[in-house]
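As a plain string of letters, each chain reads:
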Amino acid sequence: MKKVVLTLAISIGLFSCDSVKNVNTSTVSQAATLLSSLSSNATVQQISSLFSLLDANKDEAISSTEAIGSVSENFNTLDTDNNSSLNLSELTGLLGLLK
Ligand SMILES: [Ca+2]
Ligand SMILES: [Ca+2]
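Below, the structure is looked at part by part. Every chain begins its residue count from 1, and numbering advances along the sequence as written. A letter from A marks each chain and a number from 1 marks each ligand, given out in the order of writing. Where local features are concerned, this predicted model is filtered to residues with pLDDT of at least 70; where side-chain atom pairs are given and counted, the filter is 80 or more; whole-chain, interface and lining totals use all residues.

## Section: the overall build of the protein
Next up, step 1: Under the scheme used here, helices are H or I runs from DSSP no shorter than 4 residues and strands are E runs no shorter than 2 residues, and both carry numbers assigned from the N terminus. Regarding its fold elements, the protein presents 6 helices and 2 strands.
Next up, step 2: For the protein, the succession of helices and strands along the chain, N to C, is α-α-β-α-α-β-α-α.
Next up, step 3: Whether a residue is buried, exposed or partly exposed is read from the other C-beta atoms within 10 Å of its own C-beta, which are placed from the backbone; 20 or more gives buried, 12 or fewer gives exposed, and intermediate counts give partly exposed. Per-residue burial over the protein gives 15% buried out of 99 residues.
Next up, step 4: In this description, a residue-residue contact is defined by the distance between C-beta atoms placed from the backbone, which must lie within 7 Å. In the protein, of all internal contacts separated by at least 6 residues, the share reaching a separation of at least 24 is 45%.

## Thoughts on helix H2 (residues 44-54)
For an α-helix the count is 3.6 residues per turn, leaving residues at separations of three or four pointing the same way.
Next up, step 1: If you check which residues of H2 are buried, you get Leu50, Phe51, Leu53 and Leu54. Down the axis of H2, the buried side of the element spans an arc of 165°, and every buried residue falls inside it. The directions considered for the arc are those from the helix axis to the C-beta atoms.

## Some points on unusual backbone geometry
Next up, step 1: Within the chain, Lys58 stands out as a residue other than glycine whose phi angle is a positive 50°.
Next up, step 2: Tracing the backbone through its elements, the reader meets Lys58 in the loop between H2 and strand E1 (62-63).
Next up, step 3: For Ser84, which is not glycine, the phi torsion reads 60° and is therefore positive.
Next up, step 4: As for its position among the elements, Ser84 is in the loop between helix H4 (75-78) and strand E2 (85-86).

## Let's talk about the nonpolar core
Next up, step 1: Put simply, a nonpolar core is buried Ala, Val, Leu, Ile, Met, Phe, Trp, Tyr and Cys residues tied into one set by C-beta atoms within 7 Å. Ranked by internal contacts, the top residues of the largest apolar core, which has 13 residues, are Leu50, Leu54, Ile62, Val71 and Leu91.
Next up, step 2: Among the secondary structure elements, those contributing two or more residues to this core are helix H1 (2-37) and H2.
Next up, step 3: In terms of residues, this core owes the most to one element, H2, which gives 4 residues.
Next up, step 4: For Leu54, the residues in contact, after removing those within four places along its chain, are Ala31, Ile62, Glu66, Ala67, Ile68 and Val71.

## A few points about the environment of Asn87
Next up, step 1: With respect to the element layout, Asn87 can be found in the loop between E2 and helix H5 (88-92).
Next up, step 2: The class for Asn87 is partly exposed, based on 17 C-beta atoms found within 10 Å.
Next up, step 3: Residues Asn87 and Glu60 lie 27 residues apart in sequence; the distance between their C-alpha atoms is 6.6 Å.
Next up, step 4: Ignoring any residue separated from it by four or fewer positions in sequence, one finds Asn87 in contact with Glu60 and Ala61.

## Describing the environment of Thr33
Next up, step 1: With respect to the helices and strands, the residue Thr33 is situated in helix H1.
Next up, step 2: Residue classification places Thr33 among the exposed residues on the basis of 10 C-beta atoms within 10 Å.
Next up, step 3: Distance in space between the C-alpha atoms of Thr33 and Leu50 is 9.6 Å, their sequence separation being 17 residues.

## Looking at the environment of Ser89
Next up, step 1: Within the secondary structure layout, Ser89 lies in helix H5.
Next up, step 2: Note on Ser89: 12 C-beta atoms within 10 Å, which makes it exposed.
Next up, step 3: Sequence separation of Ser89 and Val44 is 45 residues, and the distance between their C-alpha atoms is 9.4 Å.

Structure representation (structure tokens):
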């Protein structure tokens, strides 16, 4: 019986990991929603929110794998220093592209 409980505990542990993944997925969908709502008069605050939503590993940079939608499409244009990641000021360049 103890073994069953242990197995159950491990299963719950694994399930928790899945939950974390789901949270990340929802972060991406939040980012997608925010991105689609951005217009040329978007605020730096919105870009900053987008930045933190996209920066899944919290290294203060958006890598090409973290970029989605128009950020991904314009990644090379936005990456002005060509270091294959976007910092907040580079992401702010998206405002110019939205105009
Ligand atoms: Ca990152
Ligand atoms: Ca860069």
